[in-house]
Amino acid sequence: MIAKTFDAVQVPVVLHEGLKTTFTGIVHPISTPDAPVHQYRGIKYASIPARFRQSKLCTHYPPQTDCSRFGPICPQPMFKSVEEELFNLTEDCIPDQAFILSEFECLNLNITCPADSTPDSRYPVMIWIHGGGNRGSGSNWITDAGPLVQKSVIANMPTIIVSINFRLGLLGFAASPALRDDNKAAGDEGVGNYGLRDQRRAMEWVHRYIEAFGGDPTNVTLFGESTGAGDILCHLHSAANEVAPLFHRAIVQSAIVDLEVPNVPQTGWQLSKLMSALRARTVDELRAIDAEKLVALGASMRATDDGVFFRRSWTGSLVNVDETPQHHQAGAHLGDNLVLELNSHSHHLKGSHHGLDKSRSHSRTRHPQPASHQPVIIGDCGAESLLWTLPASLWTAAGAVKRIRAICQSLNKANVLLRSYDISSYTPSDELPERLLELINDTRFAWPTDLIASSLRAERGGHGVWRYVFDQESPSRGLPHHAVDLMYIFDNVPLPSLPMTSPYDYTEPRENGCFYTPDSDDECPITKASTCVDDDDGPGYDYDADWAMPVVDDWTYARVRNAIQERWLAFAHGRAPWRAEGVYVFGPEGEVGERSTKIFQARRRAQVWKEALDPLGMEIVQKLGVELCNGPPVDSRSYF
């Protein structure tokens, strides 16, 4: 990396010969003399020719490209992010990030890298795919990569992290037979999955151009959470990944995804209802509607099985494993033009698979796998379903039992399920929400995660999959809720003040004791534990009367944070994060370490899954989870 001096201020620049431009970034606010970090914001990686059309890779830039500001994000409902809501932050703790919303200029990425990166560095690259459903962005302050990149430097595992923005909601995932015909007439293969294809475009940009920033295009790790993790699963099963893999390993955190991916007629039926509400009869009329009117619609839309995006051996399910997959010819499924375009820039992709480091790995390359069978870390949090506390609280015992029995379509199976989760028509109203949340947690996260992990492992011959459970409590909620792992991985969220100081604070302090926000010019000279605390108002968190005070002190936080950061970074460097036959636990109460798979009997309801969920099958179980999340029929709103 080159640092030029303007008015006595050093500004990082990248002289990119391939793109014939100079990218000018910023010195990240978290930088220290011993571990400086640079960041390049808002780099456009693709263009959108029209609504509901596939994006085109951006290959031309002006001679000077300013990367000091975040780029526009996809139009979306203007609320707090899902993470900010779950973390219970007050407004004074949330940096003011006034992003521009733009449907056609939202395809941009941010590159965060060690300041000493040069084209010869060839550091491993991690690409972050954010969650949040139909809202969120790769530029959100909670998942800013500065602290994680700095950690990589301190831990002697220097890593470059790329976060991306892509199309969301209806703009990113609309599909129907009529829209398929429209796309075909424009020369596009397939329909829907525009957001997924945007992500693939970002991977292609990284593969072609990251080397100038110091990254290794043949050593790329995808990592994502929630719907972003679900998107990664789709990429693992995609036709493009089978033909020309652009990533080499993946980390799947708390994936929320339809295990049975809907086909075009099914998605089209959903789109037709939305078009009726909008009084749009044709694709052209739908294109003419302002984006602001569309952002609140299609919240549940995601991947569509359009017969093109997923690989030839695809069965329509993310958990049905073909033990002997049929590898088809490159041009047969993707289209000759796309394959030729990829292969002309991917001469070392097909034969190159950066396996786990032999000096550290417990799963060495003695079990060779196809390049499209990338190693995977996968896991979930212990109380993901906190996300649906409100709709769970709206059910009555009799209403929940009636609906569960109707969905199960079998009185015997329904009764086994109800007994397993201790739900009946006589369950007290103050106990019912907790029991429904346990059922929601298993049907939408824990059980699907276990099924997906087993399928991935079987597909890889019993190797190349590492399981974890994240049960470390949230500092504000006292539970390992959905997205709580992001607090520890990215290390940006301020801790609430604690009722007392742990003795460990004095024997094992944090690295610098400081907190920063991406929008601040300097580090804040106060610890996270005192950030956002007013002497009169108390902690900067909203505490519900039903929640306990924080149970996470500085030592506990640092212990879990260091454990998960170091293992994610080691994996990105090609090392085994732990023994593949074990399970790594993060929490509760600061516990970290490798455990036997028997931990699932204590930490998750594995025996209940076998007795109550397996007999119902994936389709019914997922339908059950979704309907309970939506609340009783009187309130048909979908909570995500």
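Residues numbered from 1 in each chain as written. Predicted model: local features only at pLDDT ≥ 70, side-chain atom pairs only at ≥ 80, totals over all residues. Heavy atoms only, no water.

**Student:** What am I meant to see in the overall build of the protein chain here?
**Tutor:** The secondary structure content of the protein chain amounts to 22 helices and 17 strands. Within the protein chain, the proportion of its 640 residues that are buried is 62%. If you take every contact in the protein chain between residues at least 6 apart in sequence, the share linking residues at least 24 apart comes to 79%. Approximately 25,400 Å² of the protein chain is accessible, and the part contributed by carbon and sulfur atoms is 50%. (Helix = DSSP H or I, 4+ residues; strand = E, 2+ residues; numbered from the N terminus. Buried < 20%, exposed > 50% of the residue type's maximum accessible area, 1.4 Å probe, protein only. Contact = heavy atoms within 4.5 Å. Areas by Shrake-Rupley, 256 points an atom, 1.4 Å probe, with all protein chains shown as cover.)

**Student:** Help me understand the pattern of salt bridges, please; the structure alone is not making it clear to me.
**Tutor:** Pairing is possible between side chains that carry opposite charge, provided their charged atoms lie close to one another. All chains considered together, the criterion is met by 32 salt bridges. Its salt-bridge partner being Glu105, residue Lys44 comes within 3.4 Å of it at the nearest N-O pair. In this pair, Lys44 sits in strand S5 (residues 37-44) while Glu105 sits in the loop between helix H1 (82-87) and strand S9 (108-114), placing the two residues 61 residues apart along the sequence. Residue class for Lys44 comes out partly exposed when judged on its relative accessible area of 28%. Classification of Glu105 by relative accessible area gives partly exposed; the value is 40%. Among the salt bridges present, the one from Arg579 reaches Glu594, with a minimum N-O distance of 2.5 Å. Within this pair, whereas Arg579 is found in the loop between helix H19 (554-572) and strand S16 (583-586), its partner Glu594 is found in strand S17 (residues 592-595), the two being separated by 15 residues in sequence. Residue Glu594 is classed as partly exposed on the basis of its relative accessible area of 26%. Connected through shared salt-bridge partners, Asp380, Asp471, Glu591, Arg595, Arg603 and Arg604 make up one network. (Salt bridge = Lys/Arg side-chain N within 4 Å of Asp/Glu carboxyl O.)

**Student:** What is the right way to read the environment of Gly631 from this model?
**Tutor:** Position of Gly631 relative to the elements: it lies in the segment after helix H22 (618-630). For the pair formed by Gly631 and Thr396, sequence separation is 235 residues and the distance between their alpha carbons is 10.0 Å. With residues up to four places along the chain from it excluded, the contact list for Gly631 reads Pro391 and Trp395.

**Student:** I'm lost on helix H5 (residues 194-209) in this one. Help?
**Tutor:** Helical geometry: 3.6 residues make up each α-helical turn, so side chains three or four residues apart lie on a common side. Helix length check: H5 (16 residues) gives 22 Å between terminal C-alpha atoms against 22 Å at 1.5 Å per residue, within 8%. By the criterion of burial, H5 is predominantly enclosed, with 16 of the 16 residues buried. (Expected span 1.5 Å × (residues − 1).)

**Student:** Before we go on, may I ask you to explain the packing of helix H15 (residues 411-420) against helix H21 (residues 606-613) in this structure?
**Tutor:** Each pair of packed helices can be described by the angle between their axes along with the distance between the axes. Where H15 meets H21, the axes come as close as 9 Å, and the angle between the chain directions of the two elements is 160 degrees. Classed by the angle they form, the pair H15 and H21 counts as roughly antiparallel. For the element pair H15 and H21, the recorded crossing hand is left-handed. Listed contacts from H21 to Val416, Leu417 and Ser420 of H15 are Val608, Glu611, Ala612 and Leu613. Residue composition of the contact of H15 with H21, by class: five nonpolar, one polar and one charged. (Axes fitted to C-alpha atoms, helices over the stretch in contact; angles between N-to-C directions. Parallel < 35°, antiparallel > 145°, perpendicular 65-115°, else oblique. Left-handed = near helix turned anticlockwise from the far one by under 90°. Nonpolar A, V, L, I, M, F, W, Y, C, P; charged D, E, K, R; others polar.)

**Student:** Even after reading the chapter, I still don't get the packing of aromatic side chains, so can you show me in this structure?
**Tutor:** Within a pair of aromatic rings, the relevant descriptors are the distance that separates the centres and the angle that separates the planes. This model, assessed by the stated rule, comprises 22 aromatic pairs. Pairing Phe23 with Tyr61 gives two aromatic rings, centres 5.6 Å apart and planes at 70 degrees, and the pair type is edge-to-face. Here the residue Phe23 occupies a position in strand S3 (residues 21-24), and Tyr61 occupies one in the loop between strand S7 (56-57) and strand S8 (64-66), the gap between them amounting to 38 residues. Overall, Tyr61 belongs to the buried group, its relative accessible area being 14%. Measuring from ring centre to ring centre gives 6.1 Å for Phe70 and Phe99, while their planes differ by 75 degrees; the resulting arrangement is edge-to-face. Of this pair, Phe70 sits in the loop between S8 and H1 while Phe99 sits in the loop between H1 and S9, placing them 29 residues apart in sequence. The pair Phe70 / Phe99 is uniform in exposure class, with both members buried. (Phe/Tyr/Trp six-rings, centres within 6.5 Å; stacked < 30°, edge-to-face > 60°.)

**Student:** Hey, could you run me through the packing of helix H14 (residues 397-408) against H15 in this one?
**Tutor:** Their axes nearest at 8 Å, the elements H14 and H15 cross at an angle of 135 degrees. The orientation of H14 with respect to H15, classified from their angle, is oblique. In the packing of H14 onto H15, the handedness of the crossing is right-handed. Counted together, Val401, Ile404, Arg405 and Cys408 of H14 and Leu411, Ala414, Asn415, Leu417 and Leu418 of H15 form the full contact between these two elements. Across the contact of H14 with H15, the residue classes tally to seven nonpolar, one polar and one charged.

**Student:** I keep staring at the side chain of Ser163 and nothing clicks. Help me out?
**Tutor:** Residue placement: Ser163 occurs in strand S11 (residues 160-164). Taking the relative accessible area as the measure of exposure, Ser163 reaches 10% and is therefore buried. Polar side-chain contacts of Ser163 include one of 2.8 Å to the backbone oxygen of Gly138. Those residues in contact with Ser163 that sit more than four places away from it in its chain are Asn108, Leu109, Asn110, Trp128 and Gly138. (Polar contact = N/O pair within 3.5 Å; in protein donor to acceptor, adjacent residues only side chain to side chain.)

**Student:** So what exactly am I meant to see when it comes to unusual backbone geometry here?
**Tutor:** Among all residues save glycine, negative phi is the norm, and among peptide bonds the norm is trans. Residue Gly587 is joined to Pro588 through a cis peptide bond whose omega torsion reads 5 degrees. Its place among the elements puts Pro588 in the loop between S16 and S17. A positive phi angle, close to 60 degrees, is found at Ser226, a residue other than glycine. Among the structural elements, Ser226 can be located in the loop between strand S12 (215-225) and helix H6 (227-236). Of note, the phi angle at Asp491 is positive, near 60 degrees, even though the residue is not glycine. Relative to the assigned elements, Asp491 resides in the loop between helix H17 (484-490) and helix H18 (504-507). Take Asp491: its relative accessible area is 14%, and that puts it in the buried class.

**Student:** Got a minute to help me understand H22 in this structure?
**Tutor:** With 13 residues, H22 ought to run about 18 Å at 1.5 Å a step, and its terminal C-alpha atoms sit 18 Å apart, in line with that. By the burial criterion, the buried members of H22 are Met618, Ile620, Val621, Gln622, Leu624, Gly625, Glu627, Leu628 and Cys629. Its buried side turned inward, H22 meets helix H13 (389-394), H14, H15, helix H16 (432-459) and H21. Phi turns positive, to about 85 degrees, at Gly631, one or two residues after H22.

**Student:** What's the story with the environment of Ile100 in this structure? I'm lost.
**Tutor:** Tracing the chain through its elements places Ile100 in the loop between H1 and S9. Judged by its relative accessible area of 58%, Ile100 is exposed. Between the C-alpha atom of Ile100 and that of Cys74, which follows or precedes it by 26 residues, the distance is 8.6 Å. Ignoring any residue separated from it by four or fewer positions in sequence, one finds Ile100 in contact with Pro72 and Ile73.

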